[in-house]
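# Structural characterization, general
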Amino acid sequence: GDSVTQMEGPVTLSEEACLTINCTYTATGYPSLFWYVQYPGEGLQLLLKATKADDKGSNKGFEATYRKETTSFHLEKGSVQVSDSAVYFCALSGTTSGTYKYIFGTGTRLKVLA
Amino acid sequence: DVKVTQSSRYLVKRTGEKVFLECVQDMDHENMFWYRQDPGLGLRLIYFSYDVKMKEKGDIPEGYSVSREKKERFSLILESASTNQTSMYLCASSLRLNQPQHFGDGTRLSIL
């Protein structure tokens, strides 16, 4: 069945370091892909999205490219800040044989040190 | 901005009780969702609703039911609470099924 796999955390970085959080997916059809962020004590917020192959989503300095050939949607940021400390979730949505699916990865906790 | 409001941030109930979790959205969204979030398991879909009085089972519906009598309100019901239902519950809404979801802040439910 459809699934999302993302790298296990926690990921600990110093401020201004480069970030990559890996996400790969398994899906039939052409799903839409998302990254959500969850700050402590809050629900999830959409960070960025991509709806078709080769689309690049971007927001707040974060980027991710929908790679159909490698079934990946890795999250990247060139220079992280302490305020980026949060849990990041990769997700896909789509329909398979008329059945709707919205699947989340297990989340990757990022801690950025000053 | 879309606002999804969950009625309680923290809730403590006893085994066997009937528990209601309420969720309200203010953006006239067609679709509403209930998830539970557990460490190491991410978010798992319990039920979703694509219209008033319509519902679909998600991946883990056992032990839960839902009610959507009005477009803006989606209730999750634990018919007879058990300790393995202790979790964080998140409600979400979206305009279309494949579009991004807007989440509430969650209800942390403890069943003793």
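Just above, that's the structure.
The present account deals with the structure reproduced in this document.

Procedures and definitions
- Sequence order sets the numbering: in each chain, residues are counted from 1 along the sequence as written.
- Chains and ligands are labelled by the order in which they are written, letters from A for the one and numbers from 1 for the other.
- It should be noted that, the model being predicted, local features are given only for residues of pLDDT at least 70 and side-chain atom pairs only at 80 or more, the latter also being counted only at that level, while totals for whole chains, interfaces and linings use all residues.
- As a rule here, side-chain values cover all heavy atoms of the structure and leave hydrogens and water aside.
- Working rule for contacts: check all heavy atoms of both residues, and any pair within 4.5 Å makes them a contact.
- What counts as buried area is the accessible surface, traced by a 1.4 Å probe, that two parts surrender upon association, with contributions from both included.
- Counted as salt bridges are all cases of a side-chain nitrogen of Lys or Arg within 4 Å of a carboxyl oxygen of Asp or Glu.
- By the criterion applied in these results, polar contacts are pairs of N or O atoms within 3.5 Å in which, for protein atoms, one can donate a hydrogen and the other can accept it, and in which residues neighboring in sequence qualify only through two side-chain atoms.
- Note on conventions: DSSP H or I runs of at least 4 residues are helices, E runs of at least 2 residues are strands, and numbering of each starts at the N terminus.
- Under the scheme applied here, ten amino acids are nonpolar (Ala, Val, Leu, Ile, Met, Phe, Trp, Tyr, Cys and Pro), four are charged (Asp, Glu, Lys and Arg), and all others, including Gly, are polar.
- Note: two strands are recorded as paired if DSSP finds a minimum of 2 bridges between them.
- When the sulfur atoms of two cysteines come within 2.5 Å, that pair is taken as a disulfide.
- In this scheme, a residue with accessible area under 20% of its type's maximum is buried, one over 50% is exposed, and one in between is partly exposed, where area comes from a 1.4 Å probe on protein chains only.
- Note on definitions: the grid is 1 Å and covers protein atoms alone; a cavity is a set of points where a 1.4 Å probe fits but cannot get out; a pocket is an open set with protein on both sides within 12 Å along at least five of seven lines; lining residues have an atom within 4 Å of a point.
- Grid points are joined across faces, edges and corners, and a volume is the space filled by probe spheres set on the points.
- Buried Ala, Val, Leu, Ile, Met, Phe, Trp, Tyr and Cys residues that are joined via side-chain atoms within 4.5 Å together make up what is termed a nonpolar core.
- Stacked, tilted and edge-to-face are the three classes applied to pairs of Phe, Tyr and Trp rings, where Trp contributes its six-membered ring and a pair requires centres within 6.5 Å; stacked means planes under 30 degrees apart, edge-to-face means over 60, and tilted covers the rest.

The next point concerns the interface of chain B and chain A. Each partner contributes residues to the interface: chain B has 19 residues there, and chain A has 19 residues. Roughly 1,500 Å² is buried in total at the junction of chain B and chain A, and carbon and sulfur atoms are behind 57% of that figure. Inspection of the region where chain B meets chain A yields one salt bridge. Across the salt bridge formed by Asp59 of chain B and Lys101 of chain A, the nearest N and O atoms sit 3.7 Å from each other. Viewed at the interface, chain A and chain B are joined by seven residue pairs in polar contact (both at pLDDT 80 or more). Elements represented by at least two residues in the side of chain B that touches chain A include exactly strand E4 (31-38) and strand E5 (42-51) of chain B. In terms of residue class, the side of chain B that touches chain A is made up of nine nonpolar, seven polar and three charged.

Residue and element names in this part refer to chain B. With five bridges joining them, strand E7 (residues 64-70) and strand E8 (residues 73-78) adopt antiparallel strand pairing. Among the inter-strand pairings, Ser65 is bridged to a residue of E8, identified as Ile77. Where E7 hands over to E8, the hairpin turn is made up of two residues, counted between the paired strands.

Okay, the pairing of strand E8 (residues 62-65) of chain A next. Residue and element names in this part refer to chain A. Examined bridge by bridge, strand E7 (residues 56-59) and E8 share four bridges and lie antiparallel to one another. Across the sheet, the residue bridging to Gly57 is Ala64, located in E8. Hairpin connection of E7 to E8: two residues between the antiparallel strands, including Lys60 at a positive phi of 55°.

Residue and element names in this part refer to chain A. This structure, assessed with the given rule, holds two disulfides over all chains. The disulfide partner of Cys23 is Cys90, and the gap between their sulfur atoms is 2.0 Å. The disulfide joining Cys23 to Cys90 has a torsion of about -70° about its S-S bond and is therefore left-handed. Separated by 67 residues along the polypeptide, Cys23 in strand E4 (residues 23-26) and Cys90 in strand E10 (residues 86-96) bring together distant segments of the chain. In this structure Cys23 comes out as buried when scored by relative accessible area, which is 1%.

Looking at the largest pocket, its volume works out to about 590 Å³. When contributions to the lining of the largest pocket are tallied by element, the ones reaching two or more residues are E10 and strand E12 (108-113) of chain A together with E4 and strand E9 (87-94) of chain B. Taken together, the residues of the lining of the largest pocket sort by class into seven nonpolar, ten polar and seven charged.

Turning our eyes to something else, we now look at the nonpolar core. Side chains of a nonpolar character, in soluble globular proteins, are inclined to be buried together. Grouped together as the largest cluster of nonpolar side chains are 26 residues, with contacts concentrated most on Leu19, Trp35, Leu48, Phe73, Leu75 and Tyr88 of chain A. When residues of this core are traced back to their parent elements, those giving at least two are strand E2 (11-14), strand E3 (19-21), E4, strand E5 (32-38), strand E6 (44-50), E8, E10 and E12 of chain A. Tallying contributions element by element places E10 of chain A first for this core, with four residues. Not counting the four nearest positions on each side in its chain, Leu75 of chain A is found in contact with Leu19, Thr20, Ile21, Trp35, Leu47, Leu48, Phe62, Glu63, Ala64 and Tyr88 of chain A. Of all hydrophobic cores here, the second largest spans 20 residues; its members include Val4, Leu11, Leu21 and Cys91 of chain B.

With the rule as written, the count across this model stands at 17 aromatic pairs over all chains. The interplanar angle of 35° and the centroid separation of 5.5 Å between the aromatic rings of Tyr102 of chain A and Phe104 of chain A together place this pair among those described as tilted. According to the relative accessible area criterion, Tyr102 of chain A is buried, its value standing at 3%. With centroids separated by 6.3 Å and ring planes inclined at 25°, the aromatic side chains of Phe33 of chain B and Tyr35 of chain B adopt a geometry described as stacked. The exposure classification of Phe33 of chain B matches that of Tyr35 of chain B, with both residues buried. Among the aromatic residues, those joined into a cluster by ring pairs are Phe34, Tyr36, Tyr100, Tyr102 and Phe104 of chain A together with Phe33, Tyr35, Phe48 and Phe103 of chain B.

It is worth spelling out the environment of Thr71 of chain A at this point. Following the sequence through the fold, Thr71 of chain A ends up in the loop between E8 and strand E9 (75-77). If we ignore the near neighbours within four places in the chain, the residues touching Thr71 of chain A are Cys23, Thr24 and Tyr25 of chain A.

These figures capture arrangement, not role.
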